[in-house]
Amino acid sequence: GDAFINRGNLKLFQTYSAPIHFFQNTPVVLLEGRKQVRQDETALQVLEKIRKRNHSSEEAFRFECEEALLDKYVVTMHGNDAQRYRISEILWDQNIDSEFERETGKNISFRDFFKQLYNITLNAPKGVPILRTNRKIRKRAPERSAPALSEELGAGGRSKTRTVELPPEICWVLGVDREAQADWQMMRRLSEFCRQTPAQKVDEGKKLFDMLRAHRSASGLLESFGIELGDQPFETVGRQVAPSRLLLMTGKEDLQRAKAQRGDDEAPGVQLNMTNLSLQKNIEKEVAGFVGNCEGFKNWAVAYFPKDRNASLELTNKLYEIAQERGMDKETEGPKEIALDVSDPVGDLQKQLKEKFSTPRGPPSIILVVLPKLQKSRSSPHYAKLKEAFCTGLFALPTQCVLADTIEKKGKAAAVRIFDQMICKQGGYIWAINLNVPGASGPKRTMAVGVKTLTAKGRTLVAFSASRNAVHTKYFSYSRWLSGGPGGGGRSHQAIGPILREFLRQALVFFRDNWEEADGECPKEDKDRIPHRVVIYRDGSGGPSVRQQADHEVREAKAAFREVDERWGKGGDWCSYLEFVFLSVYRDTRPRFFRVKEGGGLVNPLPQTVFSDGVQGPDVHFCMNNFYINHHSVTQGCAAPTKYALVAWENKPANTEWATDELQILTAQLSLLYQNWPGAVRAPAPLMYADKQCKLYTEIQSRDAVNRQFPWMLKHLYFL
């Protein structure tokens, strides 16, 4: 099944996975075929290609090498089996003649090691570095495929993270590089080759099962483990969230009515198209959340490089047109223009901002920066330095970066998205979902929390976002680096627990002091503005097991609630009725759900379809309330659902069935509130915001804590 695409220098090959899941209280092995993409070049060839581009400095060369390889997966073929590793660091001070200590205690060079054990002759030039990689393995006999530096015990002692140093010339890079991504014709061919319809997916599974049955040794091995190959897919029942529970509010009148509405038959909001859930046409009329402390475009600046002035003028004109269309022209003024010095754009920008905004109005509410066309990605040195200076430096301001060629290619479509992001970064929002709709069990003040960890370049960041208004569009956000280097203990779930405890204490106090109603009003007369329910969505991909989350993170969350209860002088009364839900979220799941059409045939399920019947396991405490949601509409390929595993549920309402339904509806509603995308996303909005924080700070790699120096940024979505 190999295929080679010369244009993109890619090789595709078939792989199979066999994860174990529970369906209808029975453990089942889901055999699934996938097409893996491998670049037809080694990591050494990638480094040599970058070197040939004649970089002006060694720093620029190393920066591009790290952008091309760090956090990428590679595969090696020198052992008995192909092994996959993730590159965590490039060791510039080592090469193939550097020595390391073997398990016998003797030192040996990389060149001699691979020649003696695998008869592989390494020929990399002297200046080529060594790659430090990570790979999770099961506990078994020591491996000798490559020099192991350290091992970190994983979940329950069942697995380890092994840190391995590898020469780049034996590492084949997986995935698609940026050069290939820029070739849209090749990417279209690649997607057509890999994409499968639901019917094709099922047919492929049947062919694989037939092949295994015909293979005598394979079928015998499966029988020895008590595994029986089924003839048909499992059947289950899915239900789509009722349209009355997904009412889109795009105007200030909707927000005011939602504040006063208490479940009458005429709930404010727009009925959504439940076939595709596209919100773009609805939200172009008015900015619903242009209220409160959002200054908009009254006191702002636009910075650009001299050669990109025309692109900057074109963008600002389009932004003013959008403001007119949305009835905001009265709140809009022209920006102060700043032409940047090419030699030191960040320092020059800070200097000119102090000069141009030395007025009683103070610093600008937001800065729009047009980056040069030559920067191929937002991961350019200019972008990273700008974000580091204005997110973690002494001159902290919301910034919006855009490439000059993006303005030329996408025009007003890019301007609309930039306009929306700039509003959100200043404390506003674009649309909302009416959470208080007919059939609800009554108003319940809820704080939705997203928790995400991300490891990049050998360091791990944990990020949080907690909602602080009635429609879950404004957030208190916080992020922190974990202690410990590559392979260190700072990545463990035990280290996350105390940080979660600290965050929840701060978020609850902030919630009480800054709670807002749907229309943005902050009811000062209500002194008891504390949440009745806290729902935590914890990203579970690559993280600790459900049991470990219950043992550490849930325990720390409960401790935070007790401490806040004592601080507020409630004497335990608040904790006695606080409904606390902890859900582990898995976006990279193997099960696929298909809908049977009338008259036969399989298609993808409708958006916001919940699957809970028959997908629970036998463990009552940890698996009985698992459910899947197919959040978004998929017209090509197969839809990938998101799995939600219930870890804890304290003070659950008496009507268990109704409470579970309400939780699933809330989760579906939150997936429509991510202000960076006008439609449904594959996870609740608070988790998406935590994910954005992780990507920003792992990209700029700054150890400064923005939340310590600039508390006001905690309540803005500056990281969008």
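Source: prediction; values computed, not measured.

## Overview of the overall build of the protein chain
Within the protein chain one finds 20 helices and 31 strands. The buried share of the protein chain, taken over its 720 residues, is 54%. Residue pairs at least 24 apart in sequence account for 70% of intrachain contacts in the protein chain once pairs closer than 6 positions are excluded. Surface summary for the protein chain: the accessible area is close to 33,000 Å², and the carbon and sulfur share equals 48%.

## Considering helix 1 (residues 43–51)
Residues of helix 1 that are buried: A43, L44, V46, L47 and I50. Within helix 1, the buried residues cover an arc of 160° as seen down the axis, which keeps them to one side.

## Structural notes on unusual backbone geometry
We note that Q608 has phi near 60°; this positive angle belongs to a residue other than glycine. Note that Q608 resides in the loop between strand 28 (602–603) and strand 29 (609–611). The phi torsion at N651 lies on the positive side, around 55°, for a residue other than glycine. Examined against the element boundaries, N651 turns out to sit in the loop between strand 31 (642–650) and helix 18 (656–670). What makes N651 partly exposed here is its relative accessible area of 37%.

## With respect to the sheet that holds strand 29
Reading across from one edge, 14-29-30-31-26-25-22-23-24 is the order of the nine strands in this open sheet, with mixed pairing throughout. Each end of this open sheet is capped by a strand with a single partner; those strands are strand 14 (238–240) and strand 24 (475–481). The sheet shows a mean angle of 25° between the axes of neighbouring strands, direction not considered. Alignment of strand 22 (residues 446–456) against strand 25 (residues 533–539), held across six bridges, turns out to be parallel. Paired with A448 across the two strands is V535, which belongs to strand 25.

## Observations regarding the pattern of salt bridges
For the structure shown, the criterion picks out 27 salt bridges. Several salt bridges share partner residues, and in doing so they unite K452, D539, R587, D691 and K695 into one network.

## Considerations on the confidence of the model for the protein chain
When the pLDDT values of the protein chain are averaged, the result is 80; 82% of them are 70 or greater. In the model of the protein chain, strand 11 (residues 148–153) stands out as the element of lowest mean pLDDT, 45, in contrast to strand 25, which has the highest, 94. With pLDDT under 50 throughout, residues 148–159 is counted as low confidence; its partners more than four residues away or in other chains account for 30 contacts. The low-confidence segment residues 484–491 (pLDDT under 50) makes 20 contacts with residues lying over four places distant or belonging to another chain.

## Points about the environment of Y689
You can see Y689 is positioned in helix 19 (residues 685–700). Assessed through its relative accessible area of 0%, Y689 is described here as buried. Linking Y689 and A466, residues 223 residues apart in sequence, is a C-alpha distance of 9.2 Å. Those residues in contact with Y689 that lie beyond four places of it in its chain are S465, Y475, L673, Y674, Q675, L717, F719 and L720.

## Considerations on the pairing of strand 30 (residues 627–630)
Both faces of the sheet carry side chains from a regular strand, because those side chains alternate between them. Along strand 30, one buried face is formed by F627 and I629 and the opposite face, lined by Y628 and N630, is buried too. Where strand 29 meets strand 30, three bridges bridge the pair, whose relative direction is antiparallel. The residue bridging F611 from the neighbouring strand is Y628, located in strand 30. Strand direction decides the pairing type here: strand 30 and strand 31, joined by three bridges, are antiparallel. Residue pairing across strands places Y628 opposite K643, the latter belonging to strand 31.

## Observations concerning the sheet that holds strand 21 (residues 432–433)
Reading across from one edge, 16-15-21 is the order of the three strands in this open sheet, with antiparallel pairing throughout. Either end of the sheet is taken by a strand with one partner, and the two such strands are strand 16 (270–271) and strand 21. The sheet contact formed by strand 15 (residues 247–249) and strand 16 spans two bridges and is antiparallel. Counted as the bridge partner of L248 is V270 from strand 16.

## Comments concerning the nonpolar core
Within soluble globular proteins, side chains that are nonpolar tend to cluster in buried spots. Counting residues in hydrophobic clusters, the biggest one holds 100 residues, and the most contacted among them are L319, L349, L353, L368 and F390. With nine residues, the single largest contributor to this core is helix 19. Those residues in contact with L353 that lie beyond four places of it in its chain are A301, I338, P364, I367, F390, F395 and L397.

## Observations regarding the packing of aromatic side chains
Tallied over the entire structure, the rule returns 26 aromatic pairs. Geometrically, the ring pair formed by F511 and W515 is tilted, given 4.8 Å between the ring centres and 40° between the ring planes. F511 gets classed as buried once you look at its relative accessible area, which sits at 1%. Among the residues examined, W515 registers a relative accessible area of 4% and is labelled buried. Three or more aromatic residues joined by ring pairs form one cluster here, namely F100, F110, F113, F114 and Y118.

## Section: the environment of S671
Locating S671 in the fold gives a position in the loop between helix 18 and helix 19. Assessed through its relative accessible area of 0%, S671 is described here as buried. Taking the C-alpha atoms as reference points, S671 and V681, separated by 10 residues in sequence, lie 5.4 Å from one another. Residues contacting S671, with those up to four places away along its chain left out, are Q608, H631, G679, A680, V681, A683, P684 and A685.

Quick notes on the rules
- Residues numbered from 1 in each chain as written.
- Predicted model: local features only at pLDDT ≥ 70, side-chain atom pairs only at ≥ 80, totals over all residues.
- Heavy atoms only, no water.
- Helix = DSSP H or I, 4+ residues; strand = E, 2+ residues; numbered from the N terminus.
- Buried < 20%, exposed > 50% of the residue type's maximum accessible area, 1.4 Å probe, protein only.
- Contact = heavy atoms within 4.5 Å.
- Areas by Shrake-Rupley, 256 points an atom, 1.4 Å probe, with all protein chains shown as cover.
- Arc of directions from axis to C-beta.
- Pairing = 2+ DSSP bridges.
- Axes fitted to C-alpha atoms, helices over the stretch in contact; angles between N-to-C directions.
- Salt bridge = Lys/Arg side-chain N within 4 Å of Asp/Glu carboxyl O.
- pLDDT = per-residue confidence, 0-100.
- Core = buried A, V, L, I, M, F, W, Y, C linked by side-chain atoms within 4.5 Å.
- Phe/Tyr/Trp six-rings, centres within 6.5 Å; stacked < 30°, edge-to-face > 60°.

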